[in-house]
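What the coordinates show
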Amino acid sequence: LAQFVHTGGGLILIGAGPYATPTDRDDPLNGVSALLADPSRRRPIDLVVLLDRSGSMGEVLPDGASPFDKARQATDALREQLTDGDALRVVAFADTPRTVSDSGSDPIDWAAVHEAMAELEPAGGTNAGAAIETGTRLPAREGKHRVVLLVSDLDTEPFDADALATGLSQADASLAMIKVYASELLAGPYGTPAGMAALHAL
């Protein structure tokens, strides 16, 4: 599988770990993942988190939380994977994307990231295509590999997957996704068909 990816193939990897021993971290698939299990063994990354704050993310789930709550928790959990050599930008999006946190050239201030996300409220439509395009086109950080991480329920408007794929390739950027679940009755386990078709093509 690793050779297949290195020669141009695509791979969707769902789940991670366990990584209890150094042997686990030497798994060949770690070498082709956008985010690695051991951040000390990779080049610094410029991580752009695309945080879906659309209305569909605000539905309260049976456990009392919402998909947006879970998306913020997932973003907070990235602190375990990032180092002082990495950069982090959080771009919140619904109909349009907006940068809400940017570490710049300084170590990531996780308290500031948490505070910026706490001020966001779910509302509006979902335009994941515009968010991915924004994440790809942000100014590059010298010496760091761009990783665009979409955190969303994937209940998105259709977009031009070919154009976005070209943009990611030209920017030498990687795309990763975290799917957070809304009500299975409303969205199903895989998001809307239009949204998933576009993301699978991308």
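What this report covers is the structure whose coordinates are included nearby. (Residues numbered from 1 in each chain as written. Predicted model: local features only at pLDDT ≥ 70, side-chain atom pairs only at ≥ 80, totals over all residues. Heavy atoms only, no water.)

Residues Leu 1, Phe 4 and Leu 11 make up a contiguous nonpolar surface patch of about 310 Å² in total accessible area. When you line up the elements, Leu 11 lands in the loop between α1 (2–6) and α2 (22–25). (Patch = residues over 30% accessible without salt bridge, like charges linked within 9 Å, V, L, I, M, F, W, Y side chains within 5 Å. Areas by Shrake-Rupley, 256 points an atom, 1.4 Å probe, with all protein chains shown as cover. Salt bridge = Lys/Arg side-chain N within 4 Å of Asp/Glu carboxyl O. Helix = DSSP H or I, 4+ residues; strand = E, 2+ residues; numbered from the N terminus.)

Burial of helix α3 (residues 67–76) is extensive: seven of the ten residues sit out of reach of the surface. Looking at the buried residues of α3, the elements they touch are β1 (45–52), β2 (87–93), α4 (110–118), β4 (145–152) and β5 (174–179). (Buried < 20%, exposed > 50% of the residue type's maximum accessible area, 1.4 Å probe, protein only. Contact = heavy atoms within 4.5 Å.)

A word on the pairing of β1. Buried residues dominate β1, accounting for eight of its eight residues. Burial along β1 is two-sided: Ile 45, Leu 47, Val 49 and Leu 51 facing one way and Asp 46, Val 48, Leu 50 and Asp 52 facing the other are all buried. Bridge count for β1 against β4 is seven bridges, and the pairing is parallel. Pairing of Asp 46 across the sheet is with Arg 146, part of β4. One ladder, built from seven bridges, connects β1 with β2; its direction is parallel. Residue pairing in the sheet places Leu 47 in a bridge with Leu 88 of β2. Handedness of the crossover is the feature at issue here: the chain leaves β1, passes through α3, returns alongside β2, and the resulting connection is right-handed. (Pairing = 2+ DSSP bridges. Right-handed = clockwise from strand over helix to strand, strands pointing away.)

Take the pattern of salt bridges next. Counted under the stated rule, the structure contains five salt bridges. Residue Arg 89 is joined to Asp 46 by a salt bridge in which the shortest nitrogen-to-oxygen separation is 2.6 Å. Of the two residues, Arg 89 is situated in strand β2 and Asp 46 in strand β1; the sequence distance between them amounts to 43 residues. Residue classification places Arg 89 among the buried positions, given a relative accessible area of 3%.

Pairing of β2 with strand β3 (residues 97–102) involves five bridges; the strand directions are antiparallel. When the bridges of β3 are listed, Ala 92 appears paired with Arg 98. Here β2 folds back onto β3 in antiparallel fashion, the turn holding three residues.

On to the side chain of His 145, then. Tracing the sequence through the fold places His 145 in strand β4. Relative accessible area serves as the criterion here: at 16%, His 145 is assigned to the buried category. Residues contacting His 145, with those up to four places away along its chain left out, are Arg 43, Pro 44, Ile 45, Asp 46, Asp 172, Ala 173 and Ser 174.

Once that is clear, we can look at the side chain of Asp 153. For Asp 153, the location among the structural elements is in the loop between β4 and α6 (161–170). Despite its burial, Asp 153 pairs with no opposite charge; the closest candidate is Lys 179, at 6.4 Å N-O. In this structure the side chain of Asp 153 is engaged in a polar contact, spanning 3.0 Å, whose partner is the backbone nitrogen of Asp 155. (Lys, Arg positive; Asp, Glu negative; His and termini not counted. Polar contact = N/O pair within 3.5 Å; in protein donor to acceptor, adjacent residues only side chain to side chain.)

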